[in-house]
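What follows is the residue order along each chain.
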Amino acid sequence: MNVVLPDNSELELAGGATGLDAARAIGPKLAEQAVLIRANGAVQDLRRPLEDGQSIQILTTRDTSDPDALYVLRHSAAHLLAEAVRRLYPGVKVAIGPPIENGFYYDFDFPEPLREEELERIEAELNRELKEGREWTREEISRDEAKARFEQEGEPYKVELVDTADGQITLYTQGDFTDLCRGPHLQNSKPIKAVKLTGLAGAYWRGDSDKPQLTRIYGTAFYSKEDLAKHLERLEEARKRDHRKVGVELDLFHLDDISPGSPFWHPKGMVIWNELEDLRRRENRNRGYDEVKTPLIYDQKLWERSGHWDKYREHMFLIPEKDRVFSIKPMNCPGHMSLFASQQRSYRELPLRYAEAAPLHRNELAGTLHGLTRVRHVTQDDAHIFCSRDQIEDEIFGCLDYAAFLYDLFDMEAVFELSTRPENMLGTDEEWDFTEGALQSALDRRGLDYHLNAGDGAFYGPKIDLHMKDVLGRSWQMGTIQLDSQQPGRLGCSYMGADNSEHVPYVIHRALLGSFERFIGILIEHYGGAFPFWLAPVQIRVLPVGEAHTEGAHAVAAKLNQHGFRADVGEATETIGKRIRSAELEKIPFVVVYGDRESEDSLAVRERGGGQSQESLADFAARLATLAS
Ligand SMILES: [Zn+2]
Ligand SMILES: [Zn+2]
């Protein structure tokens, strides 16, 4: 048989040849360094047979930052962790241990609770295994054999996994540890040059709070020690920038169990919020959106019609009344569609773009809440665009253009993902060909690179998800642009077409920043609290050197405020050095020191990051005006 190599050349192999055989046919060095095969784009264990005509790519220990190559390395490291834990803690039961973004974990049921300090000992055992060296073998066995084997080993979680696994049951063995696992795995442990256990957490078996609580050990592994060091540095930087910590230090917001997942916004946090809200309003106006306001609570009947009652009820806060049940809205769509449906519409009104940033409530499980990035009180920069079939592409293009404008403003690199028809799609293939095509041509027209997520669309239509990369290189899901051909009809939306007959409009659901809560959380980490001038809660702090300069300092601050800037005065209650230091900690963009030598003709200005200058109030204000726009 023949397989196709990345340079399009063909490689002839014996029938039944594996990925490893293909590597050997090319060269012994490649075979030694091979870690994984990509066959027709899908990852495959080196030990598995190839098929005639497949395009293959052999990943090696040199693909140190390839996500698939890292996955296989980390998956193998997770198995080494399980081996180590079983040796050190007799009686422990193993559950599951997958690779994840940036590392891996393994869940265990320990006879005695595990303490954080013990991770060091486990890591030492893991390193001992690496030094000794391990080889992985793969075997395919029957379900009954696998069950008998894990029953005999006293591994109830594995027995349950065998029961629910689909397809061929495979086992991977290294050292004295055999795991039920689909793979793929490394050939041996040599490529694992650095491993680190990073933390402990509780996790329910199968994520179900009615099931036993297990102990999850997190770790990570790399193809080189330098890569691990870089990763740990980034983690440390991320910890320093954690918005939950920085947000409290900068007095922006706090959270309280009195209303879980619902931030209390402090005056300084509200400044940032309002700047984003102004941006949203201004840009919506420029781009032909109409602001609307729709109710916060609706009768159950509406949610039944929209389909939320069936699919989303457990996440909705309900308000029972005497003879009706209401719900606080978890999203704006049904309200906007009710508004559209309230009048007889004509094709001449389309496209109609309704925008609203209403507070939404989603009853997320308490255990999943996280600072501002996972909340129950959600305020989306939401809009719904009602349009006809032939307007879809232009409207999607408009959304993409808007998104690119916003991400540019925050110096964030945007990544776009197109998700296409899922298995449970509604509507015909022909219809999906058209809608997917419209989204694709809008992306192409805007010249955007995008990833294709085949099969990941919503059942009612394809979508484009917007991700942003922050300064630490972390990717965040932000907004989404979704085309919907189902809900509008269910909620009675229609318009009179040019052909004098009634049509159901398409609706584009789109939120570009995502939610204000989450976006501000991400901004805090992206900027490490040092917001650009236009977003900074306090833009200028004026510091009188001594009591005698208080009046002059207040006059300067007042004039800056009259120019539309946010200036305050740091009263002379402490030494000037201490107050300069505290303005730096608050990451205020400009500090004006006002003493004997200063006047409105000559101010001593210190810029965040080190610059110093002596300039008149008028010149300073003119310079600030260029930063504010
Ligand atoms: Zn595994
Ligand atoms: Zn919507």
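So, a few notes on the structure that sits alongside this text. (Residues numbered from 1 in each chain as written. Chains lettered and ligands numbered in written order. Predicted model: local features only at pLDDT ≥ 70, side-chain atom pairs only at ≥ 80, totals over all residues. Heavy atoms only, no water.)

The geometry of two aromatic rings is summed up by the distance between their centres and the angle between their planes. All chains considered together, the criterion is met by 19 aromatic pairs. Summarising the aromatic geometry, the rings of F340 and F386 are spaced 4.3 Å apart at their centres and angled 10 degrees between planes, so their arrangement reads as stacked. One end of the pair, F340, is in helix 12 (residues 333–341); the other, F386, is in strand 23 (residues 377–387), and 46 residues separate them in sequence. The same class applies to F340 and to F386, which are both buried. Pairing Y354 with F386 gives two aromatic rings, centres 5.5 Å apart and planes at 65 degrees, and the pair type is edge-to-face. Of the two residues, Y354 is situated in strand 21 (residues 352–356) and F386 in strand 23; the sequence distance between them amounts to 32 residues. Y354 sits in the buried class, given a relative accessible area of 7%. Since its relative accessible area comes to 0%, F386 is described here as buried. An aromatic cluster is defined as three or more aromatic residues linked by ring pairs; in this entry it consists of Y89, Y106, F108 and F110. (Phe/Tyr/Trp six-rings, centres within 6.5 Å; stacked < 30°, edge-to-face > 60°. Helix = DSSP H or I, 4+ residues; strand = E, 2+ residues; numbered from the N terminus. Buried < 20%, exposed > 50% of the residue type's maximum accessible area, 1.4 Å probe, protein only.)

Here we come to the coordination of the zinc ion (ligand 1). The reference angle at a metal is 109.5 degrees if four donors form a tetrahedron and 90 or 180 degrees if six donors form an octahedron. Here the zinc ion (ligand 1) is held by H75 (NE2), H79 (NE2) and C181 (SG), and the distances to it run 2.1 to 2.3 Å. In primary-sequence terms, the residues that donate to the zinc ion (ligand 1) follow H-x3-H-x101-C. Highlighted residues: H79 in helix 3 (residues 67–88) and C181 in the loop between strand 11 (177–180) and strand 12 (194–204), separated in sequence by 102 residues. On the basis of relative accessibility, which here comes to 1%, the residue H79 falls in the buried class. (Donors = N, O, S within 2.8 Å, 3.2 Å for Na, K, Ca; no water.)

What follows is about the environment of P544. One can find P544 in strand 31 (residues 540–544). Linking P544 and E571, residues 27 residues apart in sequence, is a C-alpha distance of 6.7 Å. If sequence neighbours within four positions are ignored, P544 has contacts with H549, T550, A553, V569, G570, A572, I576, R579 and Y594. (Contact = heavy atoms within 4.5 Å.)

Most often, soluble globular proteins keep nonpolar side chains buried together rather than apart. In this structure, F410, I464 and F531 are the most contacted members of the largest nonpolar core, which totals 53 residues. Not counting chain neighbours up to four residues away, the residues in contact with I464 comprise I396, L400, F416, E417, L418, L439, L443, T480 and I481. (Core = buried A, V, L, I, M, F, W, Y, C linked by side-chain atoms within 4.5 Å.)

Helix 13 (residues 392–409) packs onto helix 9 (residues 267–286) with a crossing angle of 145 degrees between their chain directions and a minimal axis gap of 12 Å. The handedness of the crossing between helix 9 and helix 13 comes out as right-handed. Residues L279, R280, E283 and N284 of helix 9 form the contact with helix 13, whose own contacting residues are Y402, F405, L406 and L409. Broken down by class, the residue content of the contact of helix 9 with helix 13 amounts to 5 nonpolar, 1 polar and 2 charged. (Axes fitted to C-alpha atoms, helices over the stretch in contact; angles between N-to-C directions. Left-handed = near helix turned anticlockwise from the far one by under 90°. Nonpolar A, V, L, I, M, F, W, Y, C, P; charged D, E, K, R; others polar.)

Overall, antiparallel pairing links the 3 strands, which are arranged 17-19-18 in an open sheet. Both edges of this open sheet fall to strand 17 (297–299) and strand 18 (318–320), since each of them pairs with a single strand only. Strand-to-strand twist across the sheet, computed as the mean angle between neighbouring axes with direction ignored, equals 30 degrees. Where strand 17 meets strand 19 (residues 325–328), 3 bridges bridge the pair, whose relative direction is antiparallel. Paired with D299 across the strands is F326, a residue of strand 19. (Pairing = 2+ DSSP bridges.)

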